Amino acid sequence: MLKFVKNHMESITGIEIYPMISLLIFFIFFVALFWWVFTAKKDYIKLMSNMPLDNQNQTKL
(Lines give C-alpha, C1' and ligand atoms only; values in the text may rest on other atoms or scores of the structure.)
Protein backbone atom coordinates (compact mmCIF):
# COMPACT_ATOMS: atom_id res chain seq x y z
CA MET A 1 0.00 0.00 0.00
CA LEU A 2 2.77 2.44 0.90
CA LYS A 3 4.64 1.64 -2.31
CA PHE A 4 1.55 2.51 -4.32
CA VAL A 5 1.13 5.86 -2.56
CA LYS A 6 4.84 6.67 -2.81
CA ASN A 7 5.00 5.86 -6.51
CA HIS A 8 1.83 7.82 -7.18
CA MET A 9 3.12 10.87 -5.28
CA GLU A 10 6.45 10.80 -7.13
CA SER A 11 4.62 10.99 -10.44
CA ILE A 12 2.92 14.31 -9.56
CA THR A 13 4.94 17.30 -10.66
CA GLY A 14 5.33 20.18 -8.22
CA ILE A 15 4.22 18.21 -5.16
CA GLU A 16 7.47 18.80 -3.29
CA ILE A 17 6.34 22.31 -2.33
CA TYR A 18 3.41 21.14 -0.16
CA PRO A 19 5.47 19.77 2.76
CA MET A 20 7.45 23.02 2.83
CA ILE A 21 4.26 25.10 2.86
CA SER A 22 2.73 23.03 5.68
CA LEU A 23 5.93 23.30 7.75
CA LEU A 24 5.97 27.06 7.20
CA ILE A 25 2.33 27.42 8.27
CA PHE A 26 2.97 25.26 11.35
CA PHE A 27 6.05 27.29 12.30
CA ILE A 28 4.37 30.68 11.78
CA PHE A 29 1.32 29.63 13.83
CA PHE A 30 3.35 28.55 16.84
CA VAL A 31 5.67 31.57 16.67
CA ALA A 32 2.62 33.85 16.61
CA LEU A 33 1.04 31.94 19.50
CA PHE A 34 4.29 32.16 21.48
CA TRP A 35 4.47 35.91 20.80
CA TRP A 36 0.83 36.41 21.87
CA VAL A 37 1.33 34.51 25.13
CA PHE A 38 4.28 36.65 26.16
CA THR A 39 2.72 39.96 25.13
CA ALA A 40 -0.80 39.37 26.47
CA LYS A 41 -1.87 41.61 29.32
CA LYS A 42 -1.78 39.89 32.69
CA ASP A 43 -5.19 41.28 33.65
CA TYR A 44 -6.78 39.66 30.59
CA ILE A 45 -5.17 36.30 31.35
CA LYS A 46 -6.28 36.51 34.98
CA LEU A 47 -9.84 37.37 33.92
CA MET A 48 -10.00 34.46 31.48
CA SER A 49 -8.51 32.00 33.96
CA ASN A 50 -11.07 32.93 36.62
CA MET A 51 -14.03 32.85 34.23
CA PRO A 52 -14.92 29.14 34.75
CA LEU A 53 -14.96 29.69 38.51
CA ASP A 54 -17.12 32.79 38.39
CA ASN A 55 -20.63 31.84 39.53
CA GLN A 56 -22.18 35.26 38.90
CA ASN A 57 -22.25 34.90 35.10
CA GLN A 58 -23.70 31.40 34.97
CA THR A 59 -27.11 30.95 33.44
CA LYS A 60 -29.46 28.41 34.93
CA LEU A 61 -31.25 26.07 32.56
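Treat the numbers as computed from the prediction; the structure is a model and nothing was measured.

Focus on the overall build of the protein chain
Secondary structure summary: the protein chain contains 3 helices and 0 strands in total. Mapped from its N terminus to its C terminus, the protein chain presents α and β elements in the order α-α-α. In terms of C-alpha radius of gyration, the protein chain reaches 22 Å, well past the compact-globule figure of 10 Å for 61 residues. Taken along its principal axes, the extent of the C-alpha atoms in the protein chain is 60 × 35 × 15 Å. Buried positions account for 2% of the 61 residues belonging to the protein chain. For the protein chain, the exposed surface amounts to about 6600 Å²; the carbon and sulfur share of it is 72%.

Let's talk about the packing of aromatic side chains
This model, assessed by the stated rule, comprises 4 aromatic pairs. Residues Phe-29 and Phe-30 carry aromatic rings whose centres are separated by 5.0 Å and whose planes lie at 80° to one another, so their mutual orientation is edge-to-face. By relative accessible area, Phe-29 is classed as partly exposed at 49%. For Phe-30, a relative accessible area of 41% corresponds to the partly exposed category. Considering the side-chain rings of Phe-34 and Phe-38, the 4.6 Å spacing of their centres and the 65° angle between planes classify their relative orientation as edge-to-face. Taken together, the residues Phe-34 and Phe-38, both in helix H2 (residues 17-39) and 4 residues apart, mark about one turn of the helix. For Phe-38, a relative accessible area of 59% puts it in the exposed group. Taken together, the aromatic side chains of Phe-26, Phe-29 and Phe-30 make up a single cluster linked through ring pairs.

With respect to the confidence of the model for the protein chain
Mean pLDDT over the protein chain works out to 84, with 90% of the residues at or above the 70 mark. Considering each helix and strand of the protein chain separately, the mean pLDDT is smallest for helix H1 (residues 2-10), with a value of 77, and largest for H2, with 94.

Analysis parameters
Residues numbered from 1 in each chain as written. Predicted model: local features only at pLDDT ≥ 70, side-chain atom pairs only at ≥ 80, totals over all residues. Heavy atoms only, no water. Helix = DSSP H or I, 4+ residues; strand = E, 2+ residues; numbered from the N terminus. Rg over C-alpha atoms; globule rule 2.2 N^0.38 Å. Buried < 20%, exposed > 50% of the residue type's maximum accessible area, 1.4 Å probe, protein only. Areas by Shrake-Rupley, 256 points an atom, 1.4 Å probe, with all protein chains shown as cover. Phe/Tyr/Trp six-rings, centres within 6.5 Å; stacked < 30°, edge-to-face > 60°. pLDDT = per-residue confidence, 0-100.

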